[in-house]
Amino acid sequence: MGEKVTEIVEQLATPILEDLGLELVDVEYVKEGKDWFLRVFIDSEKGVDIEECGVVSERLSEKMDELDPITHNYFLEVSSPGAERPLKKADDFEKNIGKNVYVKTYEPIEDSKEFEGELKSFDGEYITLLIKIKTRVKEIEIPYEKVAQARLAVTF
């Protein structure tokens, strides 16, 4: 059920966001304790403010009420993904070359499933990261289809 809800919400949210010049980053439908949360993450080149989140929330609520894909009570949250924005689509990787990223894989690559480093390149099939190991920098190639999770990483 959770998968279907996120797809429906994606279809409803996309025209609203396009109309406002915003981008859909992610949709989550999760149960926390006894409450359900529908979280919609939006962004744009210049970032997103609280007013834009409010407009999207209002318009999306109207559409959700019309279609009623979720029959029980839930909380709708519309927000910006923040500094550690998830990288979901190929386009997300292309747009973030040169930035620091965290990547988790489905299976080990060179004895590890978690990597953090600079996104050097993405050719559609492989993600190339520059990873610092003590004083040296190592280049690692990760097959795109083996990426379980990826996001921008904040470094201090």
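As a reminder, the structure under discussion sits directly above these lines.
Each value, and the rule that gives it
The residue numbers shown here count from 1 along each chain, following its written sequence. Residue-level local features of this predicted model are given only where pLDDT is at least 70; pairs of side-chain atoms are given and counted only at 80 or more, and the full residue set underlies all totals for whole chains, interfaces and linings. Side-chain figures throughout are based on the complete set of non-hydrogen atoms in the structure, without hydrogens or water. Runs of H or I in DSSP of at least four residues are treated as helices and runs of E of at least two as strands, each being numbered from the N terminus. Under the convention used throughout, the expected extent of a helix is 1.5 Å for every residue step, that is, one less than its residue count. Partly exposed describes any residue whose relative accessible area lies between the buried limit of under 20% and the exposed limit of over 50%, with all areas from a 1.4 Å probe on protein chains only and scaled to the type maximum. Each C-beta atom gives one direction from the helix axis, and the arc is the one those directions make. Any pair of nitrogen or oxygen atoms within 3.5 Å is treated as a polar contact; in protein, a donor-acceptor pairing is required on top of that, and neighbouring residues in sequence qualify only through side-chain atoms on both sides. A strand pair is defined by DSSP finding two or more bridges across the two strands. Orientation is described by axes fitted as lines to C-alpha atoms, over the contacting stretch for helices, and by angles from 0 to 180 degrees between their N-to-C directions.

(A) Helix 2 (residues 50–67), seen in detail. In a regular helix each residue adds 1.5 Å, so 18 residues correspond to 26 Å; helix 2 covers 26 Å between its end C-alpha atoms and thus fits that length. For helix 2, the set of buried residues is E52, C53, V56, L60 and M64. Looking straight down helix 2, one finds its buried side chains confined to an arc of 90 degrees; they lie on one side. The exposed residues of helix 2 that point more than 90 degrees off its buried face are E51, E58, E62, D65 and E66. Capping the start of helix 2 is the job of one residue whose side-chain oxygen sits 3.1 Å from the backbone nitrogen of E51: D49. At the C-terminal side of helix 2, D68 shows a positive phi close to 55 degrees.

(B) Looking closely at the sheet that holds strand 8 (residues 147–152). Read from one edge of the open sheet, five strands run 7-6-5-4-8, paired in antiparallel fashion. Lying at the two open borders of the sheet, with one neighbouring strand each, are strand 7 (136–143) and strand 8. Mean inter-strand twist for the sheet, computed between neighbouring axes without regard to direction, equals 40 degrees. Sheet topology places strand 5 (residues 112–122) next to strand 6 (residues 126–133); four bridges connect them, and they run antiparallel. Across the sheet, E118 pairs through a bridge with L130, a residue of strand 6.

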